[in-house]
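# A closer look at the structure
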Amino acid sequence: MHTRVMVSLLVVALLAAGGLFVWSGPAVAQGGGTIVGEVKVSGTPPAPKTVKVNKDNEVCGNEKKIVDVAVGTGSGLGNAVVSVTDAKGAKPSKKAVLDQKGCEFHPEVLVMAPGEVDILNSDGVLHNIHTFSTANPAFNKAQPKFKKVMTEKLDKPEAIKVQCDAHSWMHGWILVTENPAATTDEKGSFKIENVPPGKHKVEVWHPVLGKQSRDVEVKAGQEAKVAFELAAKK
Amino acid sequence: MAGPRGKFLQTVVVLVVALLIFKYGIRPPMPFSVLALYMAITLLAVLVYVSSDSESWRAFLAPFWTTLTEPRRRPLRLGLGVLLPLLVGYYAYSQAAAKAEAPVELRAIHPAPPPAIAFRGKQIDLQATPTPLRKDIAANPANAAKHLAAGGAIYIQNCVYCHGDHLDGEGHFAHGFNPGPANFQDPGTIAQLSEGFLFWRIAKGGPGLPKESTPWNSAMPAWEDRLTEEQIWQVIYYLYETTGHKPRVMSEGGHAALPRAPDLAAWLGPRAVQAQQAGDAARGKQLYDLHCALCHGATGKGDGPAAERVLPKPRDFTAGKFKLRSTPSGQLPTDQDLFKVVTDGMPGTSMPPWRVLPDKDRRALVAHVKTFAEGFKSAKPEAAKVPPEVASSDASIKRGKEMFEAIECNKCHGQAGRGDPAPGSDLKDDWGNPVRPANLHKPWTFRGGPERKDVAMRLSTGLMGSPMPTFIDSVEKPEDIWHLANYIRSLGPDRPNWASLVQVQAVSGEIPSDPNAEFWKKVPAANIPLVGQVIVDPRNFNPTIDLLAVRAVHTDSEVAFHLTWDDPTDSDPGKGAPKPDMVALQFPTGTGEGERPYFLMGDGARSVSLLTWQAGTGVGEATAAVEGKVTPRKGESVLAKGQAVYDAGQYRAVIRRPLKGGDKADFVFPVGRFFPMAFWAWDGSEGDEGAKAAVSTWYYVRLEAPLSKQQFVVPPIAALVTVGLELGLSRWAQRRRNRQVS
């Protein structure tokens, strides 16, 4: 019980810091290791586009920046997901949450274990959740201002594009995975905890730049380092 | 006394039975004039029969006689005495009042073709058989499939808009044309014609028709400009092969001279009719290849040759996303859902109803369509739980409107529901194609049908693959789905009630230029369908403007047209739009008698005058002799005035002009005479400009004479004369009876 509280606190702290989003849960294997590392971009990533907001300006603002490839200091790649493809993740301690706030998806890339996700409408204007899944049923559901929470079930692992047709710039991703996984922060750093010791395959996935995998050996109580570099095709 | 009364009754029974047989027993129904002729002949025959001997004649007349003379028949006598004059008076009134029907035009439908025509500088012998294409097929039978496929692609890309997927003249633009497009399935069309005749009609089109076909008005383009000789023979080949008709052969040797038609089986597999009962899906595949593949593609990806031009695009069946379902968002449709779409088509799109195919074939098509998406193998679609129906009422409609605002339907469908999302909304389907939200005032374009239950179903299940989400769990109370449906259906009529004539009412006093003036609300509207201009480049395959409501009045000095049309955006170059919205009223220059100019702004020899309104510059006048060469009038010759307003997805404009134009060559609006008139509209934000427009063919406009007193004077006189005749007849009969009695 103590561990659960500790991990939850850690997650909250991390989120509050605007830092990593660690896919959380009670420790599976006591004495598991941690994988840390960085994802970088090589080449010239596409420049962000600016879209003029034509409706709901009071909540959406007047302009939206569409960043397909988020590059931070030192070419770090944000919003990429790193997962250990040959290990099972822990059961999540709480339901995944996708918030629609300021006419943006938060987080832009949500990593969740198969199960339920709460979709919030914090904006008080009509949004619609339009998913492009293939393994799970694809759906398109309206979420008017008075519908604050919708709960959806995503049982099968896959990367799902999500959009809101009412606000054409709103795009996001939900990555449903059974593996231990983490999203990179704006510097491209990530940290996956509680990985069982042993040799593992680690994979990075980015909606635009694709995938790359590496082998890594995790030792109990130690940090294993992995570095990725995804090439931006012009 | 049963005998004499029986004779009269027999006569009546015979006539009624004859009428029933003529009216309901004969298909297709005969026109009224033919029916009247047949009934007159029947009546005459019956009269000849009953008057064949004097006994029978007396028996026949007996009921008349007793009615006229018997004292106990007095109430009947009085009743008839009142009723007959009223009927005569009413008939006189209905004849005196103006009729809202365009005159019937007689023309030769199949004029005699010339023996040969010049085609792109080459002389083509129209009487030569076999045709070059059939010669080629005779020499290389393997080429038949290639030619058929090419003909199908040409047809689906060029002809389908008017002549339809089923080749029955019911394409999705067909309602915009008068005369309507030819129905090739009808045994009275291509089955009666030679391939050379078809070549001539296709190559030269409406503009190439000879004089006896005037007023030709035919929208059929001259395809010489667009298709090669081989392509025209290919599409002719496609027409005959697909309909199963045989071309007529003029020369000696008759049908035997024709090369044997290739077995379609080589290309399509055995035809549906000969199909072995190898299972529904197998039969469905043959039907699919024949009827559906030109749009939906051989592999169901929605990538047939038609796909590049039509909007909405043909559905990609492999994705398993279907718009019209009775199942929740995220599920596949039921067989019945698919069957309904195949049967009823999708109004407002190029998907036609396939009711022409037998029930069994449509079920086979459903079975085949289901093979394209993997999901159908394991899916068990369940019907969505639509809340129990709520009848429409003022209270329900009011609640529906509140809900419409609360759930923000306006985001896509516009404030007033005219399908006008905020500019830059960038609505796309799952394949990235642009999406036009439904105009809720036009239920006849609703893809899944106009009924309240259809609307409730769409709200409940959404349109998968499009931005339209499901609202079943996103209204305040479940029954709100029905309140919304009731509100949406309160916005527009089931059908638009297309007009054939623009009647211009006579008024006195000032005509307001303000399009929103109360004055205009009392003037009845003529709804004119507009369709895409798909004849000359640049073509407009998917016009946004599909209806122009025309109200018109005139005084003794000027005429004013009030136009209403829905356009999702107001595009004014003065406010940054790349191209302006426009509308034009087209009239033949001159008296409007004799041959009309080609409906697309003239044909070189005959020119047209245009009254125009354009966003930013307002009302103007122009002339044109060939489409694309519009010459605006300038200076003092421009007498037209008016103004327009744009509000919530709708334009309303008033264009007025003195009866006599400023240019001497121009026409004077004639009073009481049918005068040709056609319509144009451009949606600037869709890139409409020049020939890329929505158009109509020629209609008639008539300035009604000021309400004449005639229609109030003639009927009473007719009624009085009838009363007089009745009295005379009655008196004569009474006197004669008295004489007989004494």
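In this text the structure is predicted, and so the values were computed from the model without any measurement.

Per the secondary structure count, chain B includes 19 helices and 16 strands. Taken along its principal axes, the extent of the C-alpha atoms in chain B is 100 × 70 × 65 Å. Buried positions account for 40% of the 742 residues belonging to chain B. Sequence-distant contacts in chain B: of pairs separated by 6 or more residues, those separated by 24 or more amount to 65%.

The next thing to look at is the overall build of chain A. A count of helices and strands for chain A gives two helices and 19 strands. Scored against the burial criterion, the 234 residues of chain A give a buried share of 40%. Within chain A, contacts between residues at least 6 apart in sequence are counted, and of these 65% link residues at least 24 apart.

By a frequent convention, interface size equals the accessible area lost on bringing the separate parts together. With 23 residues of chain B in contact, the opposing surface of chain A contributes 21 residues. In terms of residue class, the side of chain B that touches chain A is made up of nine nonpolar, eight polar and six charged.

On to helix α6 (residues 143-163) of chain B. Residue and element names in this part refer to chain B. Helix length check: α6, at 21 residues, gives a terminal C-alpha distance of 26 Å against a target of 30 Å (1.5 Å per residue), a shortfall beyond 12%. Largest kink in α6: about 50 degrees, centred on Gln157. Directly beyond the C-terminal end of α6, a positive phi value near 85 degrees is found at Gly164.

Moving on: the sheet that holds strand β11 (residues 140-143) of chain A. All names here are of chain A. A sheet is described by the order of its strands in space; here five strands give the open sequence β8-β14-β13-β10-β11, paired in mixed fashion. Taken across any chain shown, the strands that pair with only one partner, and hence form the sheet edges, are β8 (109-112) and β11. Each neighbouring strand pair of the sheet contributes to a mean axis angle of 20 degrees, computed without reference to strand direction. Relative to strand β14 (residues 171-176), strand β13 (residues 158-163) is paired through six bridges, and the arrangement is antiparallel. The residue of β14 that forms the bridge with Ile160 is Ile174.

Residues and elements named next belong to chain B. In this structure, Arg201 sits in helix α7 (residues 195-204). For Arg201, a count of 23 C-beta atoms within 10 Å gives the class buried. Distance from Arg201 to Val553, taken between C-alpha atoms, is 40 Å for residues 352 residues apart in sequence.

Attention now goes to the packing of helix α14 (residues 394-406) of chain B against helix α17 (residues 480-489) of chain B. Residue and element names in this part refer to chain B. Remark: α14 packs on α17, axes separated minimally by 7 Å, with the N-to-C direction vectors making an angle of 100 degrees. Viewed along their axes, α14 and α17 adopt a mutual orientation that is roughly perpendicular. Contact residues: Ser396, Ile397, Arg399, Gly400, Lys401, Met403 and Phe404 in α14; Asp480, Trp482, His483, Leu484, Asn486 and Tyr487 in α17. Its residues assigned to classes, the contact of α14 with α17 shows six nonpolar, four polar and three charged.

This part takes up helix α8 (residues 229-243) of chain B. Residues and elements named next belong to chain B. The first and last C-alpha atoms of α8 sit 22 Å apart over 15 residues, in line with the 21 Å expected at 1.5 Å per residue. Along α8, the residues that are buried comprise Ile232, Trp233, Gln234, Val235, Ile236, Tyr237, Tyr238 and Leu239. On its buried side, α8 packs onto α5 (132-139), α6 and α7. Phi for Gly244, located one or two positions after α8, is positive at around 80 degrees.

Among the nonpolar cores identified, the biggest contains 117 residues, and Leu530(B), Ile655(B) and Ala681(B) are the most heavily contacted of them. Ranked by the residues each element gives to this core, the list is headed by α6(B), at nine residues. Setting aside anything within four residues of it in sequence, one finds Ile655(B) in contact with Phe561(B), Leu563(B), Leu585(B), Leu611(B), Trp613(B), Val619(B), Ala640(B) and Gly642(B). If you look at the next biggest cluster of nonpolar residues, it comprises 67 residues, including Ile119(A), Val176(A), Ile407(B) and Cys409(B).

What follows is about the domain arrangement of chain B. According to the domain assignment, chain B consists of domain 1 (2-102 + 718-741), domain 2 (127-264), domain 3 (269-377), domain 4 (394-489) and domain 5 (501-703). Between the C-alpha centres of domain 1 of chain B and domain 3 of chain B there is a distance of 57 Å.

Next up on the list: the environment of Phe376(B). Residues and elements named next belong to chain B. Structurally, Phe376 is set in the loop between α13 (359-369) and α14. With 56 residues separating them along the chain, Phe376 and Gly320 place their C-alpha atoms 8.0 Å apart. Apart from the residues lying within four places of it in its own chain, the contact partners of Phe376 are Leu332 and Lys370.

Now for the environment of Ser609(B). All names here are of chain B. With respect to the secondary-structure elements, Ser609 resides in strand β9 (residues 603-614). We classify Ser609 as buried; it has 23 C-beta atoms within 10 Å. Sequence separation between Ser609 and Phe599 is ten residues, and the spatial gap between their C-alpha atoms is 12 Å. Here Ser609 is in contact with Phe587, Thr589, Thr623, Asp666 and Phe667, once residues within four sequence places are set aside.

Here we take up the sheet that holds strand β7 (residues 104-106) of chain A. Residues and elements named next belong to chain A. The strand order across the open sheet built from four strands is β7-β6-β9-β12, with neighbouring strands paired in mixed fashion. Two strands lie at the open edges of the sheet, namely β7 and β12 (149-154), each paired on one side alone. In this sheet, adjacent strand axes meet at a mean angle of 25 degrees when their direction is disregarded. Alignment of strand β9 (residues 115-121) against β12, held across six bridges, turns out to be antiparallel. From the neighbouring strand, Ile119 faces β12, where its bridge partner is Met150.

Rules used in this analysis
Within each chain, residue numbers correspond to sequence positions counted from 1 in written order. Each chain gets a letter, beginning with A, and each ligand a number, beginning with 1, in the order they are written. Only residues with pLDDT of at least 70 are given local features in this predicted model, and only at 80 or more are side-chain atom pairs given and counted; all residues enter the totals for whole chains, interfaces and linings. Runs of H or I in DSSP of at least four residues are treated as helices and runs of E of at least two as strands, each being numbered from the N terminus. In this scheme every C-beta is placed from the backbone, and a residue whose C-beta has 20 or more other C-beta atoms within 10 Å is buried, one with 12 or fewer is exposed, and one in between is partly exposed. A residue pair is marked as a contact if its C-beta atoms, positioned from the backbone, fall within 7 Å. Three categories are distinguished: nonpolar for Ala, Val, Leu, Ile, Met, Phe, Trp, Tyr, Cys and Pro, charged for Asp, Glu, Lys and Arg, and polar for the others, with Gly belonging to the last. For a helix, the expected span equals 1.5 Å multiplied by the residue count minus one. The reported bend at a residue is simply the angle between two axes, fitted to the 7 residues ending at it and to the 7 residues beginning with it. Two strands are said to pair when DSSP picks up at least two bridges between them. Each axis is a line fitted through C-alpha atoms, and for a helix only the stretch in contact is used; angles between axes span 0 to 180 degrees, taken between their N-to-C directions. Any angle from 65 to 115 degrees is called roughly perpendicular, while one under 35 is roughly parallel, one over 145 is roughly antiparallel, and all others are oblique. Here a nonpolar core is just a set of buried residues of the types Ala, Val, Leu, Ile, Met, Phe, Trp, Tyr and Cys, joined wherever their C-beta atoms sit within 7 Å. Note that the domain bounds reflect an automated or database-derived domain assignment.

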